[in-house]
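Here is how the chains run, residue by residue.
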Amino acid sequence: MSAFRTLDDAGSLAGQRVLVRVDLNVPMDGGRVTDATRIERIVPTIRAIADKGGRVVLLAHFGRPKGKRDPKDSLMPVVGPLSKALGREVAFAEDCIGAPARAATAALKDGDVLLLENTRYHPGEEKNDPDFARALAENGDLYVNDAFSAAHRAHASTEGIARLLPAYAGRGMQAELEALTKGLEAPKHPVIALVGGAKVSTKIDLLQNLVAKVDMLVIGGGMANTFLHAQGKDVGKSLCEKDLADTALRIIEAAKAANCRIILPTDAVTAKEFKANPTTETLSVDAVPADAMILDAGPDSVKLVNAAIDEAATLVWNGPLGAFELTPFDAATVAAARHAAERTKAGKLVSVAGGGDTVAALNHAGVADDFTYVSTAGGAFLEWLEGKELPGVEALRAKG
């Protein structure tokens, strides 16, 4: 982590107003938080600051109010669950800048925690307006970013403010950066990437970046059908982006040039209806009927994937191998995930996974806690894998 400034580099925090950018964009139903995962993930950073006498001032966005004050996007309902998770009272200010924020911040004592209202109530947030960033910075002596999930956005609270105050990575951000460095920036080889999901079109940049960095690339899910079609195989009524056949072939050629082995399904679980528990048939990918759909990788393909995982020292996973939301088309994803988890628990594999469907699939397989690191960052995780610079991360990079 020497490339980035962390809380360990911040020195004494006692009496300091510490502006902490967090991700509190939690799922809600009727003003009630339905999943507190993101709240729980920021607790270590808040406690680390408060326990050292820092005065914690939390910045966060919620929803998409587009620069206008909308009661349904207020962060007020998060105060209760956050207080419960921290085991200490959290104060709330009705704005993130101006008199309400100044008054609430001035009232803080060492170790206190304050949540400011939704930064996206102001148009200057998403525009990364310098005046708005300065208004935010007025309420802090130093800045900590613990919201990797928002780090791909050059917003005032994620990038602009980091240029105005001494800036550091929080514990969650630090863990994410360390995991991604192990996974792709400075991994132990051989490295295998498993990329699944519905469409090649959403992951062209990702695939092009990965073939130059990894030793083996497993392509699964609906996107594998496009590669099979590009190789002249009939995929029947399967989801397939036939117009991207040339793109798929270029990725295959790039992989050959980079000495990256691409692993595609050799057999498939097919059905004539897209629903749970239909009549299925497991066939070679060379024998898919014209009226059938490929909905999961078959058992021979799973053996290939698991054997490749056995060869690897590092695994990066993004996307399922089949339509895992419907049984029995979760079988390949579950089998590969459990195999990777066993290798990880045995100390033979560093496994890093991320993306919404991936997290859901690993939870479904019951192994999310067994991977080395599972990112909930979605878009930021994907952009990192694509090799793009993330503004919120770059702002934390140590100088010189």
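To be clear, the structure that these remarks concern was listed above.
A brief report on the enclosed structure follows. Source: prediction; values computed, not measured.

## Section: the sheet that holds strand S12 (residues 267-271)
One open sheet accounts for three strands, arranged S13-S12-S14; its pairing is antiparallel. On the outer flanks of this sheet lie strand S13 (280-284) and strand S14 (293-297), each paired with one strand and no other. This sheet shows a mean twist of 40° between the axes of neighbouring strands, independent of strand direction. Pairing analysis gives four bridges linking S12 to S14, with the strands arranged antiparallel.

## Some remarks on the pairing of strand S16 (residues 350-354)
For S16, a buried count of four out of five residues is recorded, marking the element as mostly surrounded by other parts of the structure. Note that strand S15 (residues 314-318) and S16 share four bridges and pair parallel. Paired with Leu315 across the strands is Ser351, a residue of S16. Between the parallel elements S15 and S16, the chain passes through helix H12 (residues 331-345) in a crossover that is right-handed. Of the strand pairs in this sheet, S16 and strand S17 (residues 373-375) are connected by three bridges, and their pairing is parallel. Its bridge partner being in S17, Gly354 is matched across the sheet by Ser375.

## Here we look at the packing of helix H8 (residues 204-211) against helix H10 (residues 245-257)
When two helices pack together, their arrangement is given by the angle between their axes and by how far apart the axes lie. Following both chains from N to C, one finds H8 and H10 inclined at 15°, their axes separated by 9 Å at the closest point. Accordingly, the angle class assigned to the pair H8 and H10 is roughly parallel. Of the two elements, H8 crosses H10, and the hand of that crossing is right-handed. Contacts between H8 and H10 involve Ile204, Leu207, Gln208 and Val211 from the former and Thr247, Ile251, Ala254 and Ala255 from the latter. When its residues are assigned to classes, the contact of H8 with H10 shows six nonpolar, two polar and no charged.

## Some remarks on the nonpolar core
Phe148, Leu217, Phe227 and Val393 are the most contacted members of the largest nonpolar core, which has 74 residues in total. Setting aside residues no more than four positions away along its own chain, Val393 makes contact with Phe4, Phe148, Ala151, Met173, Leu177 and Trp384. Grouped together as the second largest cluster of nonpolar side chains are 31 residues, Val43, Ile46, Leu75 and Leu86 included.

The rules we used
- Residues numbered from 1 in each chain as written.
- Predicted model: local features only at pLDDT ≥ 70, side-chain atom pairs only at ≥ 80, totals over all residues.
- Heavy atoms only, no water.
- Pairing = 2+ DSSP bridges.
- Helix = DSSP H or I, 4+ residues; strand = E, 2+ residues; numbered from the N terminus.
- Axes fitted to C-alpha atoms, helices over the stretch in contact; angles between N-to-C directions.
- Buried < 20%, exposed > 50% of the residue type's maximum accessible area, 1.4 Å probe, protein only.
- Right-handed = clockwise from strand over helix to strand, strands pointing away.
- Parallel < 35°, antiparallel > 145°, perpendicular 65-115°, else oblique.
- Left-handed = near helix turned anticlockwise from the far one by under 90°.
- Contact = heavy atoms within 4.5 Å.
- Nonpolar A, V, L, I, M, F, W, Y, C, P; charged D, E, K, R; others polar.
- Core = buried A, V, L, I, M, F, W, Y, C linked by side-chain atoms within 4.5 Å.

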